[in-house]
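# Per-entry structural report
Here are the chains, one letter per residue:
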Amino acid sequence: GFPSALYGAYWDSIKLHTQLAMTEKDAAEKRVLLGKSMESIGKFIEIADRLLPKDLFRDGIGGFLADAEYQLSEIAADRDERVGGIRSAIKHKKADIEAFVASSESYIGLRPLMDPWIGASLQACGRWSTTLYELTGEREALSAAIEAFSQSASHFRKAGWPSRCAEDHWQAAMVHGTLGEH
């Protein structure tokens, strides 16, 4: 097919399958949906690297990859697989944030959307880091959660979203409590 049409079709497939998986209750069906999403991510990257290696959507694909990895970790058969999935999801979500910020410098119209998007992505990193701590007992995961929630609050404050900012402060405070820092 025509590369740009395939590019759009794979992008839509990624979004569709990832979102459907978020609402799917059956673990086997969720695994199938996420498998389709991951397959589409691979094909999307192949086409994007040939057509538009510096395209904002190409750079933003890591967020979908991270979301799919985290969802897969939730239904993982064993602890090690779950921990590995969460670590990978956090790594890809952070890389996605960096890529988005770097790419968006040339997309002036996206500036108003950046802070809420970055805030939401950092919130996910904070939640995932907290889950990682629950599985591993690694205190570094809680420190990472506090940092993510604090950075997220800053982005939501800049965006003028006070309730999300307050939510992040509350989440960070709960993590501080877990660390015994009352």
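What comes next concerns the included structure. (Residues numbered from 1 in each chain as written. Predicted model: local features only at pLDDT ≥ 70, side-chain atom pairs only at ≥ 80, totals over all residues. Heavy atoms only, no water.)

Our focus in this paragraph is the overall build of the protein chain. When helices and strands are tallied, the protein chain shows 8 helices and 0 strands. The order of helices and strands in the protein chain, counted from the N terminus, is α-α-α-α-α-α-α-α. A globule of 182 residues ought to have a C-alpha radius of gyration of about 16 Å, and the protein chain, at 17 Å, matches this closely. Summarising its shape, the C-alpha atoms of the protein chain cover approximately 60 × 45 × 25 Å along the three principal directions. Among the 182 residues that make up the protein chain, the fraction classed as buried is 45%. Restricting the contact set of the protein chain to residue pairs at least 6 apart, pairs at least 24 apart contribute 65%. Accessible surface, the protein chain as shown: approximately 9,700 Å² in total, 57% of it carbon and sulfur. Distance between charge centroids for the protein chain: 2 Å, based on 21 positive and 26 negative side chains. (Helix = DSSP H or I, 4+ residues; strand = E, 2+ residues; numbered from the N terminus. Rg over C-alpha atoms; globule rule 2.2 N^0.38 Å. Buried < 20%, exposed > 50% of the residue type's maximum accessible area, 1.4 Å probe, protein only. Contact = heavy atoms within 4.5 Å. Areas by Shrake-Rupley, 256 points an atom, 1.4 Å probe, with all protein chains shown as cover. Lys, Arg positive; Asp, Glu negative; His and termini not counted. Charge placed at Lys NZ, Arg CZ, Asp CG, Glu CD.)

This part takes up the pattern of salt bridges. Under the criterion given, the structure shown has 5 salt bridges. The residue R87 makes a salt bridge to E138 at a minimum N-O spacing of 2.8 Å. With R87 in helix α5 (residues 79–104) and E138 in the loop between α6 (111–136) and α7 (139–159), the pair connects residues that are 51 residues apart, well separated along the chain. With a relative accessible area of 37%, R87 lands in the partly exposed category. (Salt bridge = Lys/Arg side-chain N within 4 Å of Asp/Glu carboxyl O.)

Overall, the coordinates contain 4 aromatic pairs when judged by the stated rule. Ring centres 5.4 Å apart and planes at 40° place the aromatic pair W11 and F44 in the tilted group. One end of the pair, W11, is in helix α1 (residues 3–23); the other, F44, is in helix α2 (residues 27–51), with 33 residues separating them in the sequence. Between the aromatic rings of F156 and W161, the centroid separation amounts to 5.7 Å while the plane-to-plane angle is 15°, which identifies the pairing as stacked. (Phe/Tyr/Trp six-rings, centres within 6.5 Å; stacked < 30°, edge-to-face > 60°.)

It is worth spelling out the packing of α1 against α2 at this point. It is at 8 Å that the axes of α1 and α2 come closest, and there the two elements cross at 155°. It follows that α1 is roughly antiparallel to α2 by the angle criterion. Once α1 is placed against α2, the crossing between them reads as left-handed. Its residues placed into classes, the contact of α1 with α2 shows 16 nonpolar, 6 polar and 3 charged. (Axes fitted to C-alpha atoms, helices over the stretch in contact; angles between N-to-C directions. Parallel < 35°, antiparallel > 145°, perpendicular 65-115°, else oblique. Left-handed = near helix turned anticlockwise from the far one by under 90°. Nonpolar A, V, L, I, M, F, W, Y, C, P; charged D, E, K, R; others polar.)

Taking 1.5 Å per residue as the helical rise, α7 with its 21 residues ought to reach 30 Å, and the 31 Å between its terminal C-alpha atoms agrees with that figure. Here α7 has its buried residues at A141, L142, A145, I146, A148, F149, S152, A153, H155 and F156. Just beyond α7, the residue with positive phi is G160, at close to 80°. (Expected span 1.5 Å × (residues − 1).)

Another point: the environment of R31. Along the chain, R31 turns up in helix α2. Sequence separation between R31 and I75 is 44 residues, and the spatial gap between their C-alpha atoms is 8.0 Å. Sequence-distant contacts of R31, that is, excluding residues within four places in its chain, are made with L72, I75 and A76.

Further remarks concern the packing of α2 against helix α4 (residues 61–74). The N-to-C vectors of α2 and α4 enclose an angle of 155°; their axes lie 10 Å apart at closest approach. Relative to α4, the element α2 lies roughly antiparallel. Judged by the twist between their axes, the crossing of α2 over α4 is left-handed. Residues K30, R31, L34, M38, I41, F44 and I45 of α2 pack against I61, F64, L65, A68, E69, Q71, L72 and E74 of α4.

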